[in-house]
Amino acid sequence: RTLSDESGQWETKLSGGIKVKLPPDPFLRASGKRLVPIGNDWELVLHSTAEWFNSSGFHADADVVFERLLTQSYLFRMTTLVDWRDENDTLEFGQTFKIFNDLSERDAIVYQLGVFGTSFSHPSIDTYYISADYRRRLYKDWLYMNVIPELAFPREESFSGVASITLSFEVYFR
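Residues numbered from 1 in each chain as written. Predicted model: local features only at pLDDT ≥ 70, side-chain atom pairs only at ≥ 80, totals over all residues. Heavy atoms only, no water.

### A short note on the confidence of the model for the protein chain
Right, on to step 1. Summary statistics for the protein chain give a mean pLDDT of 92 and a share of 95% for residues scoring 70 or more.
Right, on to step 2. When mean pLDDT is compared element by element in the protein chain, strand S10 (residues 143–154) scores highest at 98, while strand S1 (residues 2–4) scores lowest at 53. (pLDDT = per-residue confidence, 0-100. Helix = DSSP H or I, 4+ residues; strand = E, 2+ residues; numbered from the N terminus.)

Below, the structure is given as structure tokens:
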């Protein structure tokens, strides 16, 4: 169900139900999103979600996103995010910088740089990363391939570089 304020500037959703599994897991979820133009070049996107699941308790997250179209083919996005879960009483936070590049009608790449951490009373950085997500539409609008080389610097590895490459396929049923 979608609700809206009288000014029409917020998009809000309220939903509830039962996740089908054993045992059944009832839930409630509320979310809100607002787009705010900043001058002629920037856009601010505010997004927040609060939800409760019987199995895991309360969860809330918020994103603050700044976007700017650099050229017809390049979009810059900076995102600040926070996430809290009742289940482990932890606040997670992150900062990402992305440049989206449309290479053609079938190909795109996203260059990413980010940092993530945890906090409640003593904030700490858990990982830094840099990656490039290449995406290709293989067939019509329902089959895609992603190739993602990444270099991460996790705390568990004393912030030494850990290289990886991910290959994935996505199928959308409509």
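### A look at unusual backbone geometry
Right, on to step 1. Residue Pro23 follows Leu22 across a cis peptide bond; omega there is -10°.
Right, on to step 2. Position of Pro23 among the secondary structure elements: in the loop between strand S2 (10–19) and strand S3 (25–38).
Right, on to step 3. Of note in the backbone geometry, Lys140 takes a positive phi value of approximately 45° without being a glycine.
Right, on to step 4. Mapped onto the elements, Lys140 comes out in the loop between strand S9 (124–139) and S10.
Right, on to step 5. Of note in this structure, Ser158 is not a glycine but carries a positive phi near 55°.
Right, on to step 6. Note on placement: Ser158 falls in the loop between S10 and strand S11 (162–171).

### As for the pattern of salt bridges
Right, on to step 1. In the structure shown here, the tally under the stated rule is 9 salt bridges.
Right, on to step 2. One salt bridge in this structure joins Arg29 and Glu51, with 2.7 Å as the shortest N-O distance. Of this pair, Arg29 sits in strand S3 while Glu51 sits in strand S4 (residues 42–53), and the two are 22 residues apart along the sequence.
Right, on to step 3. Glu51 sits in the buried class, given a relative accessible area of 13%.
Right, on to step 4. In this structure, Asp126 engages Arg155 in a salt bridge whose closest nitrogen and oxygen atoms are separated by 4.0 Å. Taken together, the residues Asp126 in strand S9 and Arg155 in the loop between S10 and S11 connect sequence positions 29 residues apart.
Right, on to step 5. What makes Arg155 partly exposed here is its relative accessible area of 39%. (Salt bridge = Lys/Arg side-chain N within 4 Å of Asp/Glu carboxyl O. Buried < 20%, exposed > 50% of the residue type's maximum accessible area, 1.4 Å probe, protein only.)

### Quick notes on the side chain of Thr96
Right, on to step 1. Tracing the backbone shows Thr96 in strand S7 (residues 90–102).
Right, on to step 2. Not counting residues within four places of it along the chain, the set of residues in contact with Thr96 comprises Arg77, Met78, Thr79, Leu113, Gly114, Phe116 and Tyr129. (Contact = heavy atoms within 4.5 Å.)

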